[in-house]
Amino acid sequence: MEAPQHEPRAGLSCGCAWRHLCPAVQIPPSLPRNPVPPGSAPALQHRGLGHRRARDACQGLKFLLPSCVKGQSLRTRLGGWPGLCSAAALPWPCRSTYGLWAGWRRRAGGAEGGPVQRGGPGAMATEMVLSHRPGVPRGEVLSEAELEELAQRKPPSKTSVRGCLRKARCSASTAKSLLFRFLPVLRWLPRYPVKDWLLGDITSGFSVGIMHLPQGLAYALLAGLPPVTGLYSSFYPVFLYFFFGTSRHNSVGPFAVISVMIGSVTESLLPSEKFFISVNGSNTTIVDEVKRDAERVQLVATITILSGVFQVALGLLQFGFVVTYLSDPLVRGYTTAASVHVLISQLKNVFGVSVGEYSGPLSLFKTFIEICRKLPQTNVGTLVTAIIAMVAIFIVKELNHKFASKLPMPIPIELITIIISTGISYGVDLKSKFGISVVGDIPSGLKPPVVPKTTYFGQVVGNAFAIAIVGYAICISLGKIFALKHGYKVDSNQELIALGLSNFLGGFFQCFAISCSMSRSLVQESTGGNSQVAGVLSSLVILVTILKIGELFRDLPKAILAAIIIVNLKGMFKQFTDFRTLWKSNRVDLMIWIVTFVATLLLNLDIGLGASVAFALLTVIFRTQLPHYSLLGRVADTEVYKDVAEYQKAQEIPGVKIFRSSSTLYFANVEMYAEALKKKSGINVDRLIAKKKKVLRKLKKQQKKAEKEKAKRKKATEAECNGPGVAVIELSGEESSAPAEPTLRSLGLPQPDFHAVILDFSSLNFVDTVSIKIVKNIFRDFREIEVDVFVASCPASVLAQLERGNFFSSTITKQCFFPSVHDAVLHISGEQHTAPVRTCPGSPHHRHGEGQPSRPLSSSPSPQAHLSTKM
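Keep in mind the model is a prediction, meaning the values are calculated, not measured.

### What about a nonpolar patch on the surface?
A contiguous nonpolar surface patch, about 770 Å² in accessible area, is contributed by Leu 362, Phe 365, Phe 368, Ile 369, Phe 579, Trp 583, Ile 594, Val 598 and Leu 602. Mapped onto the nonpolar patch, the elements with two or more residues apiece are helix H17 (363-373), helix H27 (578-585) and helix H28 (587-625). Tracing the chain through its elements places Phe 365 in helix H17. On the basis of relative accessibility, which here comes to 36%, the residue Phe 365 falls in the partly exposed class.

Printed below as a string of structure tokens:
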């Protein structure tokens, strides 16, 4: 766009340009000519604009006013023309240039063309140019009340019963979306890319199924159950998860931590000592393993069903966020301690000794001490078998990890070890010759569903809830890792429902609670698995084992299963390196890790988990009680305010204290917030208020004494003159002139070196009744010492809570609230140079506007130039 070129006339040199750009503006025939410094880029830069802004300003002026008379400045043309001093009446380009000119003009000579104020950096910091808002005259600062009126704040929405019923109305589309939501398989299976994914899923399914077999047998032993229950737990829940799960790579099934949690319950409620029977009527007693296993299976089925009920209920209620209370350091510390429990529990199978079953606090140490005492009774054959198996499994697993990119699938060393050891045990008869304990009979075929015993519900409800939460936490954390890596989404609430249904239905078929195994999931991903089709194929491998192959493993030594369990703990033991990482990154998280680890070792798995969660929540409370308090200052040439203790270029606004807390305000920390504010202000507010009240009481006493003396003089005058008329006239004259409200200066008390406080509420996300009361007290206390209080950056939700809590009154209105700290500073700056039109009601400036003019912002470069009074 090029402005038309016209020959400038006397008195209308700028008028031609503005007439073409703004034809609606009536230009007067003449403009005053007041010489000022030329509006060149160096001059603008010298006046406070940065180099880039000064250059842009000059380019804009040259573009908009090409016909200005050479040598005449913009202020010469526009300085005395009121008709052009309304930015709202100008089109956008003119409005922008006008704003640049207005900001330069305020720096150069004041609002009315007065002399230039050379106040140094302090005065320059208070005379700032407001960022332009379309539709709002430049230089106007909006409070929250005016902003709500301008932006037309919506009233809070009200939920009605009719609206809820309308949303809950069933329709074909609603039923379809609900069906697809609770059965995700209906959404992705019809679009399954057979050519791209099927081969990888088949390979992955067989690889994971081969891992399921030994781990299912081993983790059943860890839970204190017959080995066949581990096979059941590797079949039913995995098959059900195919229909309800949303993770494509999670391999659900038996997991060491969940198994040891179940084992602690079975050993505490149904120890082997309850099932001793005598042999042929003699004093020799043995454990009735058949009866014990049957009772334990019913107990574990009850726990599993209850865990499933908890998970499904939490998922339906959209309580998937409950796992957020289990932070990552807490989960890692808990699983590390659980791995120690697993290791100690398997030492008896490694050394071939029998120990008692302990439960409750310190049970881990009792078991370990008894194993150490019985080391002389170690079965050498069992120990040798376990050591050989552990070394072989460990070496092959390391080779699998090292050559993972070259191998089509990991070497199934666990399955190979089970097959070889079973063959050797059957051929050599290890049980009878060396006394090596074996698995025993594994029944073939599937069992009919059984109903759990309701008498156990009250005894295991707490353990079931803990198992449900821990199992879900491990599963969702792994699911989110794989989802982030492969670019899909995992629904946390649907995962709860999927795990819950797998546990609930599996509990009727003698399964124990399941979760997600990291080792199996990594194998499922690395071997090409892309969906839960791989999980279905792995469950079919276990089904074939249950129906035809399972009975062949009756001679499998238990030491082999213990070796598999111990070697698979390697990944959990690596979590001890978290100690070094957390020491460098976050000491509070390190404390959570250590407390969780120690509490789980000392108090057992169930009580330790509760204690760990309680401690983690306490750390959150402590951190909100001890936030970081700071005084803010403005960074030069910006509208950014930073902590003056951390940023060298951040300078405090003279006469203004800007206070910020890093935490929200609630009953536990609001008292400390008020104390920190008074401490950061540099003056003992409470002491100054106490002094003021003391002086006022003294003045009141003197006033009462003077009134008494006045009354005496009145009576004496009436007696002498015998005419009360004169006295009445004198008294009425005195009463008509009420004394002005006393101020700190009139009372002879020291005045604060600041006149305004800005509370930055940007970190607040909620307030309660206690915090509302304390903030009211802050307004009252600072008003007593003649200091205005303003609030900046208050979120809309917090503002609504303040309204509901009756925070606002005749003395505290929304005129004291501003959208940003910069707006509040501009408002305070404007009050000091103009009449206090919108002073906060109840402020000392408002109350003493007639006889006590407000103190102007100091032009000193630093607050130290003011009179500083330290109480």
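### Topic: the pairing of strand S8 (residues 656-661)
Burial analysis of S8 places five of its six residues in the buried class, which makes it a mostly covered element. Sheet topology note: the strand S5 (residues 629-635)/S8 ladder contains four bridges and is antiparallel. Looking at the pairing, Leu 631 lines up with Phe 659 of S8.

### A short note on the nonpolar core
With 99 residues, the main nonpolar core has Val 257, Ile 258, Met 261, Ile 262, Leu 326, Val 470 and Leu 609 as its most contacted residues. Per-element tally for this core: the top contributor is helix H21 (residues 457-486), with 14 residues. With sequence-adjacent residues up to four places away left out, Val 257 is seen in contact with Tyr 334, Thr 335, Ala 338, Val 470 and Met 572. Counting residues in each nonpolar core, the second largest holds 56 residues, with Leu 632, Leu 677, Ile 772 and Leu 802 among its members.

### Regarding the pattern of salt bridges
Note on pairing: side chains with opposite charge can pair once their charged atoms come close. Within the structure shown, the criterion is met by 15 salt bridges. With its nearest N and O atoms 2.5 Å apart, the salt bridge here joins Arg 332 to Asp 578. Taken together, the positions of Arg 332 in helix H16 (residues 328-351) and Asp 578 in helix H27 put the pair 246 residues apart, joining distant regions of the chain. For the salt bridge of Arg 660 with Asp 760, the shortest nitrogen-to-oxygen distance reads 2.6 Å. Of this pair, Arg 660 sits in strand S8 while Asp 760 sits in strand S9 (residues 756-760), and the two are 100 residues apart along the sequence. Here the salt bridges share partners, and the residues they tie into one network are Lys 678, Asp 686, Arg 780 and Asp 781.

### Some points on unusual backbone geometry
Of note in the backbone geometry, Leu 362 takes a positive phi value of approximately 65° without being a glycine. Following the sequence through the fold, Leu 362 ends up in the loop between H16 and H17. Overall, Leu 362 belongs to the partly exposed group, its relative accessible area being 43%. Backbone geometry places Asn 806, a non-glycine residue, at a positive phi of 55°. Structurally, Asn 806 can be placed in the loop between helix H33 (796-804) and strand S11 (817-818).

### A look at a positive patch on the surface
A grouping of Arg 687, Lys 691, Lys 693, Lys 694, Arg 697, Lys 698 and Lys 701 is seen on the molecular surface, where their side chains present a positively charged patch. Here Lys 701 lies in helix H30 (residues 685-721). Of the residues examined, Lys 701 reaches a relative accessible area of 65% and is grouped as exposed.

### Examining the packing of aromatic side chains
Taken as a whole, this structure holds 24 aromatic pairs when the rule is applied. A centroid spacing of 6.1 Å and a plane angle of 65° characterise the contact between Phe 576 and Trp 593, whose relative ring orientation is edge-to-face. Of the two residues, Phe 576 sits in the loop between helix H26 (570-573) and H27 while Trp 593 sits in helix H28, which places them 17 residues apart along the sequence. Site record: aromatic cluster; members linked through ring pairs are Trp 188, Tyr 192, Trp 197, Phe 235, Tyr 236, Phe 239, Phe 242, Phe 243 and Phe 509. Here the basic side chain of Arg 181 rests over the ring of Phe 182, its NZ or CZ set 5.7 Å away from the ring centre. Its guanidinium or amino end placed over the ring of Phe 808, Lys 814 lies 5.8 Å from that ring's centre, counting from NZ or CZ.

Rules behind the numbers
- Residues numbered from 1 in each chain as written.
- Predicted model: local features only at pLDDT ≥ 70, side-chain atom pairs only at ≥ 80, totals over all residues.
- Heavy atoms only, no water.
- Patch = residues over 30% accessible without salt bridge, like charges linked within 9 Å, V, L, I, M, F, W, Y side chains within 5 Å.
- Areas by Shrake-Rupley, 256 points an atom, 1.4 Å probe, with all protein chains shown as cover.
- Salt bridge = Lys/Arg side-chain N within 4 Å of Asp/Glu carboxyl O.
- Helix = DSSP H or I, 4+ residues; strand = E, 2+ residues; numbered from the N terminus.
- Buried < 20%, exposed > 50% of the residue type's maximum accessible area, 1.4 Å probe, protein only.
- Pairing = 2+ DSSP bridges.
- Core = buried A, V, L, I, M, F, W, Y, C linked by side-chain atoms within 4.5 Å.
- Contact = heavy atoms within 4.5 Å.
- Lys, Arg positive; Asp, Glu negative; His and termini not counted.
- Charge placed at Lys NZ, Arg CZ, Asp CG, Glu CD.
- Phe/Tyr/Trp six-rings, centres within 6.5 Å; stacked < 30°, edge-to-face > 60°.
- Lys NZ or Arg CZ within 6 Å of the ring centre and 35° of its normal.

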